[in-house]
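Residue-level structure breakdown
Here's the letter readout for the chains.
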Amino acid sequence: MKKIEILGMGCTRCNQLADRTREAVKELGVEAEVIKVQDIKTITNYGVLVTPALVVDGVVKIAGKVPKSEEIKKWLEEERK
Amino acid sequence: MLTLLIQGGMDAFLDYLSAHVLACLVPAFFIAGAIGVFVSQASVIKYFGAEAKRILSYSVASISGTVLAVCSCTVLPLFSGIYQRGAGVGPATAFLYSGPAINILAIVYSARLLGLDLGTGRVVGAILFSIIIGLIMAFLFRKEEKQKVKQALDLGIPEGGKRGYALLIYFASLIGILVFASQKQWILTGISFIVLFSALRVWYSKEEIKEWLLATWGFVKLITPWLLLGVFVAGMIKTLIPETLIQQWLGGNSLQSNLIASVFGALMYFATLTEVPIVKAFLDMGMGRGPALALLLAGPALSLPSMIVIVRVMGAKKAFTYIGLVVIMATATGMMFGHFFT
């Protein structure tokens, strides 16, 4: 079971990232839970300065940018190996 | 009563659409999109690290809002990060104060709608006073700052963005279009367009241009609904609040009107850019230009929801010191401005 976190304080781009990630999870059929993290202290503790950010199993994959669906899928897959 | 209110809102709304006021924002949206895609955020953020030179941190903090704060929701996480893991309380508060006021859309829109003097006053006031507020904060809390363990900033941001001539000429032509079109210098606007298209052809790939257009459209979608709502609310304010009340409380350039304007601005929540049409409505009803600037400075920098986050990040003592400083500085800047420009 993977833990995927979307960091962001409720801006449009964060919702966009969350939607794309959920889609990617569904398409790949990975077992994962997608959580939105809005608490500013948690966000800062990840060392993330620019939201939205994507965290997979505690590792920050990208910050400040909404990645393409293929990129998200790549991150989800490489962790599975 | 209700129909009157809605009528007022609709009038303002139609007025705007017919006066092409929003047209001035079109080039600005393209510039905002370009900043988001082609300027490397990492190259700016490295100056907020714990190891960065102080003078650099403060200067970058005071002006980097143009690059980093195109969307108001990015300001708070950055502030929290700079405060806890980076350059500390001074640069963090400097960024928090100036960030929302100096993004490209806010500058263009304020200058166009409220006049060049208020537009410029807003930029200069935000930059100068953010540094002063930052320095005061750093001085007041210098002991606590020393005890803080410095952690390295893990950026997690892809480097990238374009560099050098390609970027410079591209941005210069965009700004050229913005400035010349607003002056109705059509020949120069045309030349800027030609430069822009040649620059895009020579240095930029199709993929990059597409990304830029998508980012631009993203900003339009994000900001326009809020802006139209702001225009509507401003129209309702005009019908709802009697002019005499505005003149009495916010007219002239007294300490009282500047203070009321800045406290009101600090408490109210303004979504991106909505402060501009609302201040415009107040101005039409007899608000002084000094108080108008005070509201513009305190408004986007603070709101009740952002205060809650600030308290959570810095603790009550520092947060309230900061809030107090913002109100005082905005009031003082408003009074100075009103003194020289009325």
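What this report covers is the structure whose coordinates are included nearby. In this text the structure is predicted, and so the values were computed from the model without any measurement.

Quick notes on the rules
Residues numbered from 1 in each chain as written. Chains lettered and ligands numbered in written order. Predicted model: local features only at pLDDT ≥ 70, side-chain atom pairs only at ≥ 80, totals over all residues. Pairing = 2+ DSSP bridges. Helix = DSSP H or I, 4+ residues; strand = E, 2+ residues; numbered from the N terminus. Axes fitted to C-alpha atoms, helices over the stretch in contact; angles between N-to-C directions. Contact = placed C-beta atoms within 7 Å. Right-handed = clockwise from strand over helix to strand, strands pointing away. Nonpolar A, V, L, I, M, F, W, Y, C, P; charged D, E, K, R; others polar.

In this section: the pairing of strand β4 (residues 59-63) of chain A. Taken together, the four bridges between strand β3 (residues 53-56) of chain A and β4(A) define a ladder with antiparallel strand orientation. The residue bridging A:V55 from the neighbouring strand is A:V60, located in β4(A).

Now for the sheet that holds β3(A). Residues and elements named next belong to chain A. Across the sheet, four strands lie side by side as β2-β1-β3-β4; this open sheet has mixed pairing. The outermost strands of the open sheet, each flanked by one partner alone, are β2 (32-37) and β4. Across the sheet, the mean angle separating the axes of adjacent strands is 20° when strand polarity is ignored. Where helix α1 (residues 12-28) meets the sheet, it contacts β1 (2-7), β2 and β3, and its direction lies at approximately 175° from that of β2.

Moving on: the environment of B:I31. Residues and elements named next belong to chain B. Among the secondary structure elements, I31 is positioned in helix α2 (residues 25-38). Along the sequence, I31 and A215 sit 184 residues apart, while their C-alpha atoms lie 10.0 Å from each other. The contact partners of I31, leaving out residues within four places of it in the chain, are I104, L174, I175 and L178.

Residue and element names in this part refer to chain A. Taken together, the six bridges between β1 and β2 define a ladder with parallel strand orientation. Paired with K3 across the bridge in β2 is E33. Regarding the hand of the β-α-β motif, the stretch spanning β1, α1 and β2 is right-handed. Sheet topology note: the β1/β3 ladder contains four bridges and is antiparallel. Within β3, the residue paired with L7 across the bridge is A53.

For the rest of this paragraph, the subject is the interface of chain A and chain B. Taken together, the contact pairs 19 residues of chain A with 21 residues of chain B. For the side of chain A that touches chain B, the secondary-structure elements that each account for two or more residues are α2 (40-45) and β4 of chain A. Residue contributions to the side of chain A that touches chain B peak at four residues, all from α2(A). Among the residues forming the side of chain A that touches chain B, the class breakdown is eleven nonpolar, six polar and two charged.

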